[in-house]
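The chain contents come next:
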Amino acid sequence: MPKRYDAIVIGGGHNGLVNAAYLARAGKKVLCLERRYVLGGAAVTEEIVPGFKFSVFSYVVSLLRPEIIRDLDLPRHGLEILPLDGTFTPLPSGDYLWRVNDHGKTRREIERHSKLDAEAYEEFGKSMVQMCRFVKPILGMIPPDPTSLDPRDLKKLIFLGKRFQSLSSEDRYNLVQLMTMSAADFLDQWFETDCLKATMSASGIIGTFLGIRSPGTAYVLLHHYMGEIDGAFRSWGFSRGGTGGISNAIGSAARELGVEIRTEAPVAKILVKDGVAGGVVLENGEEIHASVVSSSVDPRLTFLNFIDSRELPGDFLDEVRLYKFRGSSGKVNLALDALPEFEALPGFGRHLRGAMSISPSMDYMERAYDQAKYGEFSRRPYIDMVIPTLTDPSVAPPGKHILSCFVQYAPYKLASGTWDEQREAFGNTVINTIAEYAPNIKNIIVGKQFITPLDIERTTGLSEGNIFQGELSLEQLFFLRPAAGWAKYRTPIKRLYMCGSATHPGGGIMGAPGRLAALEILKDVGRS
Amino acid sequence: MAAQRDIVIIGGGHNALVAAFYLAKKGLKPLTLERREIVGGAAITEEFFPGFRCSTLAHAGGPPLLSILQDMQLARHGLQKLESPVRIFAPTPEGRSLTIYTDTHASAGEIKAFSTKDAEKYPEFAAGLARAAAIAAELLVLTPPVIEKPSAEDIWKLLKVGKKVRGLGKKEMMRLIRWGPMAAADFVAEFFENDLLRAVIAARGIFGAALGPWSAGSTALLLLRAAADPYPVGNSAQPRGGMGALTAAMASAAKEAGAEIRTGAEVAQILVKNGAVNGIALASGEEITAKAVVSGADPRRTFLGLVDPVHLPPSFVVKMQHYRSQGTVAKMNIALDALPSFTALKNSNSDPANHLAGRIHVGPGIDYLERAFDHSKYGEFSTAPYLDIMIPTLTDPSLAPSGKHVMSVYMQFAPYQLKNTDWTKQREPLASTILQTLAQYAPDLPGKMLAHQLLTPLDLENIYGLSGGHPFHGELALDQIFTMRPLLNWARYSTPVKNLFLCGSGTHPGNGLTGASGQNAAREILRSLRK
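About the cut-offs
Residues numbered from 1 in each chain as written. Chains lettered and ligands numbered in written order. Predicted model: local features only at pLDDT ≥ 70, side-chain atom pairs only at ≥ 80, totals over all residues. Helix = DSSP H or I, 4+ residues; strand = E, 2+ residues; numbered from the N terminus. Rg over C-alpha atoms; globule rule 2.2 N^0.38 Å. Buried ≥ 20, exposed ≤ 12 C-beta atoms within 10 Å, placed from the backbone. Contact = placed C-beta atoms within 7 Å. Pairing = 2+ DSSP bridges. Core = buried A, V, L, I, M, F, W, Y, C linked by C-beta atoms within 7 Å. Expected span 1.5 Å × (residues − 1). Axes fitted to C-alpha atoms, helices over the stretch in contact; angles between N-to-C directions. Parallel < 35°, antiparallel > 145°, perpendicular 65-115°, else oblique. Nonpolar A, V, L, I, M, F, W, Y, C, P; charged D, E, K, R; others polar. Left-handed = near helix turned anticlockwise from the far one by under 90°. pLDDT = per-residue confidence, 0-100.

Things to note about the overall build of chain B
Then step 1. A count of helical and extended segments in chain B gives 18 helices and 18 strands.
Then step 2. Here chain B has a C-alpha radius of gyration of 22 Å; the compact-globule value for 531 residues is 24 Å, and the two agree.
Then step 3. Principal axes of the C-alpha set define a box for chain B whose edges measure 70 × 60 × 50 Å.
Then step 4. Put simply, chain B has 531 residues, and 58% of those count as buried.
Then step 5. Nonlocal contacts in chain B, meaning residues at least 24 apart in sequence, comprise 74% of its contacts between residues at least 6 apart.

Overview of the overall build of chain A
Then step 1. Secondary structure assignment for chain A yields 17 helices and 20 strands.
Then step 2. For 528 residues, the compact-globule estimate of 2.2 N^0.38 gives 24 Å, and the C-alpha radius of gyration of chain A, at 22 Å, lies within 12% of that figure.
Then step 3. Counting all 528 residues of chain A, 56% fall into the buried class.
Then step 4. Restricting to contacts in chain A with at least 6 residues of sequence separation, those with at least 24 account for 73%.

Remarks on the pairing of strand S16 (residues 355-358) of chain A
Residues and elements named next belong to chain A.
Then step 1. Residues Ala355 and Ser357 of S16 are buried on one face, and the alternating residues Met356 and Ile358, pointing to the opposite face, are buried as well.
Then step 2. Relative to S16, strand S6 (residues 87-90) is paired through 2 bridges, and the arrangement is parallel. Bridging across to S16, Phe88 finds its partner in Met356.
Then step 3. Relative to strand S17 (residues 382-386), S16 runs antiparallel, the two sharing 3 bridges. The residue of S17 that forms the bridge with Met356 is Met385.

Structural notes on the nonpolar core
Then step 1. Ranked by size, the top nonpolar core spans 330 residues in total, and within it A:Ile8, A:Ala21, B:Ala19, B:Phe21, B:Val200, B:Met250 and B:Val294 carry the most contacts.
Then step 2. Excluding anything up to four places from it in sequence, B:Ala19 contacts B:Ile9, B:Val294, B:Cys503, B:Gly518, B:Ala521 and B:Ala522.

Here's the deal with helix H18 (residues 516-530) of chain B
Spacing of three or four residues puts side chains on the same side of an α-helix, whose turn is 3.6 residues.
All names here are of chain B.
Then step 1. Taking 1.5 Å of rise per residue, 15 residues should cover 21 Å, and H18 covers 21 Å from first to last C-alpha, within 8% of that figure.
Then step 2. Taken as a whole, H18 has its buried residues at Ala516, Ser517, Gly518, Gln519, Asn520, Ala521, Ala522 and Ile525.
Then step 3. At its buried positions, H18 is contacted by helix H1 (14-25), helix H2 (66-71), helix H4 (116-140), strand S12 (287-295) and strand S18 (500-502).

Re the pairing of S6(A)
Residues and elements named next belong to chain A.
Then step 1. Both faces of S6 are covered, namely the face carrying Thr87 and Thr89 and the face carrying Phe88 and Pro90.
Then step 2. For S6 and strand S7 (residues 96-99), the ladder comprises 4 bridges, and the chain directions are antiparallel. When the bridges of S7 are listed, Thr89 appears paired with Leu97.
Then step 3. Connecting S6 to the antiparallel partner S7 that follows it, the hairpin turn spans 5 residues, and Gly94 within it adopts a positive phi of roughly 95°.

Some words on the environment of B:Ser382
Residue and element names in this part refer to chain B.
Then step 1. Relative to the helices and strands, Ser382 is located in the loop between helix H14 (366-377) and strand S15 (386-390).
Then step 2. Sequence separation of Ser382 and Phe413 is 31 residues, and the distance between their C-alpha atoms is 5.5 Å.
Then step 3. Leaving out residues up to four positions away in the same chain, Ser382 has contacts with Ala372, His375, Ser376, Gln412 and Phe413.

A few points about the packing of helix H4 (residues 115-139) of chain A against helix H6 (residues 169-180) of chain A
What describes two packed helices is the angle between their axes and the distance between those same axes.
Residue and element names in this part refer to chain A.
Then step 1. Direction vectors running N to C along H4 and H6 enclose 75°, while the axes themselves pass 10 Å from each other. As far as their axial angle goes, H6 and H4 are roughly perpendicular. Between H4 and H6, the contacting residues are Ser127, Gln130, Met131 and Phe134 on the first element and Asp171, Asn174, Leu175 and Leu178 on the second.
Then step 2. Of the residues in the contact of H4 with H6, the class split is 4 nonpolar, 3 polar and 1 charged.

Things to note about the sheet that holds strand S7 (residues 97-101) of chain B
Hydrogen bonding along the main chain pairs the strands of a sheet, whether they run parallel or antiparallel.
Residues and elements named next belong to chain B.
Then step 1. Pairing is mixed in the open sheet, where 7 strands are placed in the order S7-S6-S14-S15-S16-S13-S17. Edge strands, defined here as strands with exactly one partner in the open sheet, are S7 and strand S17 (449-455). Shown here is a sheet whose adjacent strand axes are inclined to one another by a mean of 20°, direction ignored.

Points about the packing of H1(B) against helix H10 (residues 243-257) of chain B
All names here are of chain B.
Then step 1. Here H1 crosses H10 at 20°, and the two axes come no closer than 8 Å. Overall, the two elements H1 and H10 adopt an arrangement that is roughly parallel. The way H1 lies across H10 gives a crossing that is left-handed. Counted together, His14, Leu17, Val18, Ala20, Phe21, Ala24 and Lys25 of H1 and Leu246, Thr247, Met250, Ala251, Ala253, Ala254 and Ala257 of H10 form the full contact between these two elements.

A word on the confidence of the model for chain B
Then step 1. For chain B, the mean per-residue pLDDT works out to 94, and 98% of the residues sit at or above 70.
Then step 2. Across the assembled chains, the prediction reports ipTM 0.93 with pTM 0.95.

Considerations on the interface of chain B and chain A
Then step 1. The interface of chain B with chain A comprises 27 residues on the first partner and 29 residues on the second.
Then step 2. Of all the secondary-structure elements, those providing two or more residues to the side of chain B that touches chain A are helix H6 (170-179) and H14 of chain B.
Then step 3. In terms of residues, the side of chain B that touches chain A owes the most to one element, H6(B), which gives 5 residues.
Then step 4. Looking at side-chain class alone, the side of chain B that touches chain A contains 11 nonpolar, 4 polar and 12 charged residues.

Quick word on unusual backbone geometry
Then step 1. Going from A:Arg481 to A:Pro482, the amide bond is cis rather than trans, its omega being 0°.
Then step 2. Residue placement: A:Pro482 occurs in the loop between helix H16 (453-460) and strand S20 (496-498).
Then step 3. At the junction of B:His508 and B:Pro509, the peptide bond is cis and its omega measures out at -5° in the coordinates.
Then step 4. Take B:Pro509: it is sitting in the loop between S18 and H18.
Then step 5. At B:Asn274, a residue that is not glycine, the phi angle is positive and equals roughly 25°.
Then step 6. Here B:Asn499, not a glycine, exhibits a phi torsion of approximately 65°, which is positive.

Some thoughts on the sheet that holds S6(A)
All names here are of chain A.
Then step 1. The strand order across the open sheet formed by 7 strands is S7-S6-S16-S17-S18-S15-S19, and the pairing between neighbours is mixed. Since the sheet does not close on itself, it has two edges, and those belong to S7 and strand S19 (445-451), each with one partner. Neighbouring strand axes in the sheet, compared pairwise and without regard to direction, differ in orientation by 15° on average.
Then step 2. Inspection of the sheet shows S17 paired to strand S18 (residues 401-408) by 5 bridges, in the antiparallel sense. Pairing of Ile383 across the sheet is with Val407, part of S18.
Then step 3. Lying over the sheet, helix H14 (residues 419-435) contacts strand S15 (329-336), S16, S17, S18 and S19, oriented at roughly 125° with respect to S19.

Concerning helix H9 (residues 217-225) of chain A
Then step 1. Counting buried positions along H9(A) yields 9 of 9 residues, so the element is predominantly enclosed.
Then step 2. Among the residues of H9(A), A:Thr217, A:Ala218, A:Tyr219, A:Val220, A:Leu221, A:Leu222, A:His223, A:His224 and A:Tyr225 are the ones counted as buried.

Overview of the environment of A:Phe348
All names here are of chain A.
Then step 1. Tracing the sequence through the fold places Phe348 in the loop between S15 and S16.
Then step 2. Residue classification places Phe348 among the partly exposed residues on the basis of 15 C-beta atoms within 10 Å.
Then step 3. Taking the C-alpha atoms as reference points, Phe348 and Leu91, 257 residues apart in sequence, are found 17 Å from one another.
Then step 4. Apart from the residues within four sequence positions on either side, Phe348 is in contact with Leu339 and Glu341.

In structure tokens, the structure reads:
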């Protein structure tokens, strides 16, 4: 007689774990199934090179919702976020732009490039905080359905309308622009310094298949501004022990709440009978039953792989097929036996403790995108680098370092050849690009890991290697995420729910989808 | 002592003429001042080479709103619409071609040669688009609501549209919401597999804009145009005598209604006295005082050129400086000794006119269009441009000596701002790029060319007064349409200066030659003058 659970959560990524924890917290008997040997999905720490613990995929944290940290008491379970100090942008001219978490310093630094921009930078920061204040409650909101006349939906829409009207006229203007403009056009209105705009606009394209001049990227810019650490907007940090530390903390909290977690338990099918989900079948054939199935994996896997298409309405399947993934980024993790030294700012100062961004100009960023549009990886990519070992030495042998490089663009679909053929070329392009600014890089590499979108898909299961489980483009946000009419974590199948980044409010190590989905599930099945 | 008028309209373009008509109808005596010697703005017919006339700028179009055609009785004022069953003929470099007709099934038949699947999808696509367009059409004639505090009337009107939207049914309604922000390339890919067909339809989302088919939001522009003309591809109708005949008819209707029109009268300044408009000053120095002034000129010219900034709120001026209106199109008008022969029609036994009498689309694939756009992002013009062509003489021989032809060519992308050079130096290179591109599809064309007229974005600005050479008075991008055209909170045709109004394409809906901007403006102006 097989064991029976109240709920099975598919996937042990951060959202799956958060979802499981919240369900258990409400007294449910929960089983969480992870395909891999390690928990965390894209938020994992793995020892790829002996002695070096890479944050293999996701490498910085910012968006994790404070309410989740509180509710699950994550610090007690070992969560510790170490602040990441500033952003350093080396330039081909030999100059650089270095913004730090210190107003005065940053202001003086920007003044070096433009007095006007130094002024504007303050104003910009203030108004972005206003924007975040407006959008924040939306992150914690079940998306209303604008097409329904359900009072609950109307109430939410009116609430949003009222909040919008409560903004000052300037803020309203900025907000509307943020929702419709390109990051480049938006920033052009504020600043004149090319490398400043280029580096700032980068947050607008991360994880999307859009360029900084594509409308809609201004929103993604805001999405990345939303990060909060201890209530301070726009602050990013490392998790001690690598990004996997976050997943482990959530996992430990979940276990304590009674969640049973099984790793190396890949799901093959979701059991559906007469339109109602009743459990899952593992790849090894084992059947596990539950009254609720909550899937944290993306819609393509959930609905096209795990479920017999005959169980789903045709137009819903169409929507799922139209949902865009288009992985556009890769990762290069390097084990170093010394620190890289930038020609623009020799020595090993504080600038290495923050993010280092290869984003010298707007045209550079846009050209990187142009190549991706036609199915090639950028020959001169945008790279966001961090050296976690300077903040958290525990992840590498004494005196050794890790350089974690996020790279865009690396389109999942290549015009010619396969990623298996082009992986080396891709990795070397990244190293060569870095070498143009820090020539010593080539002599200090003792181990390397090149990750293409295909590798992201193979390892984590993220379709097309999209790190956000689907593009953060305007037509795939809020009540349209992942599909029009299906943004409330429910699905056409009773007792089957979605709780991953493919649902509102989307990607980044935020945990909000997992939490919101759990709350919706509990509304349907009641607390025990 | 200066003349005193009750209302002065700046510019004699189609929207200004429509506004003049409706204002005159209500008993006002509008004085319309046109800088050039002819009215029409961007909808004119000019002789560009002895014996050869053509629609120098806009060459297809509109069409004007039905209500405008009727109210102004344009037919009685000489407007004669010439329609061709062909909408678009799209040749490929390999010598194939796709012809799209107004008739859906004829088009599907043509599409079959490229994809049976697409041929089957086409009628469904056309019907779905028409339904969506019907909703968008409701918005065209609506004065955008104040989103700060919508009036009861605003809400009522939106609800009326909303009700229609609901009539679509949940699925289609969500589709409509989802489509707007999408890239046109994604939009067409949801229906069709053939790259040529995709390009022909997607082109409507980038025409005249600083957008490529992969730019998010290009679908919104496509829908905006479908709202005025609910077909999968653009309209190829033209007035007998060219676009100038349309605006001539509008001018005659406006005059008959009581408007006065002065040409060769360039407005140099809008006069403001303690916060309210007081009249205008002509370049000649002549001053005309008026109770109200309506500007048919684009927003940048109006607020950054004609009004002294001291009369405007600083934040308004700053926002206006950020209003994007840098054109990406050039125009070439060619006098031809005979009809050029298109390689794609060599083996067709039917009269070439059956294919060429509509618009000719050069842009054989989505990536082709996108690459053409890429150049403009870096301040270069496309080396393999997207061309939108008409041979008006096939439907209206009166435009050229008998047997001879005129070819009107829109070229994209030609950015107003060039990097490290300027348009005075780039005229010849641009002209030869256009002609070489044409020769790829009609090799004998250069040999048949008698003369050509080239209009760069700089010419569009200098000759036609379009700021940045933008044919639509500013980008029709997501952040510059409806309640945000030209600026958020200033989308209701009024301005920060009392009794100064806007009526041009820089206001909602601002697309093509529908005249909707002029009609909406007149309605709002009358309302606020009555107060």
